[in-house]
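Residue-level listing of the chains:
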Amino acid sequence: MHEDELVALLREQLLGTERPVVRSGVERLWKTGRGAAGLALSVVGGRLRGKGEGLAAADVRAVSQLVSRLGELKGLAMKAGQVLGYIDPTLPPEIRGLLSVLQTASPASPFPQVEATLRAAFGPRANVLLAGLERQPVSVASIGQVHRARLPDGTGAAVKVRHPGIDEALQGDFRAAGTGSSFASVLLPGAASSIRGFIDEARTVLLEECDFSLERERQATFARLFARDEVILIPAVEPEWCAASVLTTRWMPGQSFDAFLAANPSQEVRDRMGIALFSFYIGTLYRHGLFHGDPHPGNYAFREDGRVVVYDFGCVRSFDSATVLAFAALVDAVRADEAHGMREALVALGARPPGDAESLAMLRTLLRGFFAPLLEHGPRPVHPGAGFEAQQILRDKRFLAKLSLPGRFLFLFRLRFGLYAVLARLGAIADWSALESQWATEARGGC
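Per chain, residues are indexed from 1 in the order of the written sequence. pLDDT decides what is reported in this predicted model: residues at 70 or higher carry local features, side-chain atom pairs at 80 or more are listed and counted, and totals for whole chains, interfaces and linings draw on all residues regardless. In computing side-chain properties, one takes all heavy atoms of the structure into account and sets aside hydrogens as well as water.

Quick word on the overall build of the chain
The way it works is that DSSP assigns letters per residue, a run of H or I at least four long becomes a helix, a run of E at least two long becomes a strand, and they are numbered from the N terminus. When its secondary structure is counted, the chain shows 20 helices and eleven strands. Taking all 447 residues of the chain together, the buried fraction comes to 56%. When checking whether two residues touch, look at their non-hydrogen atoms; a contact exists if any pair is within 4.5 Å. The long-range share in the chain, meaning contacts at least 24 apart out of those at least 6 apart in sequence, stands at 74%. Accessibility throughout is a Shrake-Rupley quantity obtained with a 1.4 Å probe, and a residue counts as covered only by protein chains that appear here. With the model as given, the accessible surface of the chain reaches about 17,800 Å², and the carbon-plus-sulfur share is 52%. Categorising residues by exposure relies on relative accessible area from a 1.4 Å probe, with only protein chains included: less than 20% of the type maximum marks a residue as buried, more than 50% marks it as exposed, and the intermediate range marks it as partly exposed.

Quick notes on the packing of helix α16 (residues 357-370) against helix α19 (residues 409-426)
In this analysis an axis means a line fitted to C-alpha atoms, helices contributing only their contacting stretch, and an angle means the value between N-to-C directions, from 0 to 180 degrees. It is at 10 Å that the axes of α16 and α19 come closest, and there the two elements cross at 60°. By the angle class used here, α16 and α19 are oblique. Mapping the contact onto sequence places L366, G369 and F370 in α16 and L412, F413, R416, F417 and Y420 in α19. Throughout, the ten residues Ala, Val, Leu, Ile, Met, Phe, Trp, Tyr, Cys and Pro are labelled nonpolar, Asp, Glu, Lys and Arg are labelled charged, and all others, Gly among them, are labelled polar. Each residue belonging to the contact of α16 with α19 can be placed in one class, and the counts come to six nonpolar, one polar and one charged. Angle categories are assigned with fixed cut-offs, so that under 35 degrees is roughly parallel, over 145 is roughly antiparallel, 65 to 115 is roughly perpendicular, and the rest are oblique.

Considering the pattern of salt bridges
Salt-bridge detection follows one rule: a side-chain nitrogen of Lys or Arg within 4 Å of a carboxyl oxygen of Asp or Glu. In total, this model carries 20 salt bridges according to the counting rule given. Measuring nitrogen to oxygen at the nearest pair gives 2.3 Å for the salt bridge that ties R250 to E238. Placement of the pair is R250 in strand β5 (residues 246-250) and E238 in the loop between β4 (232-233) and β5, with a sequence separation of twelve residues.

As for the packing of helix α3 (residues 57-73) against helix α5 (residues 93-100)
Axes are the key here: two packed helices are described by the angle between their axes and the distance separating the axes. Contact geometry for α3 and α5: axes closest at 9 Å, N-to-C directions at 20°. Regarding the angle of α3 to α5, the classification is roughly parallel. Once α3 is placed against α5, the crossing between them reads as right-handed. Note on element contacts: α5 touches α3 through I95, L98 and L99, opposite V60, V63, S64, L66 and V67. Among the residues making up the contact of α3 with α5, the classes are represented as seven nonpolar, one polar and no charged. Should the near helix be turned anticlockwise from the far one by less than a right angle, the crossing is left-handed, and should it be turned clockwise, the crossing is right-handed.

Details of unusual backbone geometry
Phi is positive for K74, which is not a glycine, with a value near 55°. Its place among the elements puts K74 in the loop between α3 and α4 (75-87). The exposure class of K74 is buried, given its relative accessible area of 0%. For N264, which is not glycine, the phi dihedral falls at a positive 55°.

Okay, here's the thing in structure tokens:
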């Protein structure tokens, strides 16, 4: 079977399956620690990494089974699979393709549970919403699933319903020894066992994702900030059909990232999309002290009118003006390759830069990887391995302990390295250095 057909079949099978979230602490501990998560680290992270194309059928079956198990668990296990599927350039294309299914598909929560959630949120009014709700979800993610619906006034809508018990399951995952550390290590290899703050940050962010009232506020904020943008579209929130467990927005479909690439868009279109995504994920940090920390390809869709829709505002972090200024100073220091400036900026960000020569050399490499596209002037594509050397340095626990990075760096690293992977696949060409430097300059003048 062709790779694309296999991915499509696996996605269809998962979306057509109903299975409640596993809540039992003992069962999750066994399945996450000894089953799916262990398989992710050993099969995907070890034996298959670095292989060329043409994997054996047994390997493909093993990864397909892994995807199904991670999707069944939701929570940390599924998040880890999503990250592995797009951020690691050493994985074979077949493996990345299968893991990419987790960005939008997994076994759905049974529809009677969905119905009960809607009735608990809206009381008798739920009947009106249920009348226009499609039973099979169009997307099932780690925290909730999305059903297409028609609101009473005829408006097309996307109704995102939280998986019953997912918050309880996540809390159990983080209580289990080593599970939270393993997940944080996928986002930032090796770091979790060295820096407790990364685990705390991961716990905070993922539990916040369970609060759809908070996501509603964040999505409304981003919709306001990008209301006049020529490329980025943020679906409008339908507030009367929102609750802590339900988020309803306008229906705004589009092509998936893989389908968009398969259509072989022109270089002009690739560039336009790449600049828009870079501006959304990086520029917003400098301009508004906000960043959407989850750039995986399942969170946006490409429309025929030349615009890109961004979804899922559960993972959003904010910084005060002093932190934004410190990042702007770090940009200048890295571009100038000025060690003293890098140290000062990191101290302002709450880190503790080491003083020995070996660690300083590693710090330089880490920062140059973090800002990789910034170091080359003029229009150019993002290299597929951008930031990979920095990711390798992050595996050095001794160095990370010396550096003592604040926990908030966890999702900043995921944002950077994940976005670089997306832009590399997109093949967009732009002067990334000029763009980020411009935003940093604006931040210094506006804060």
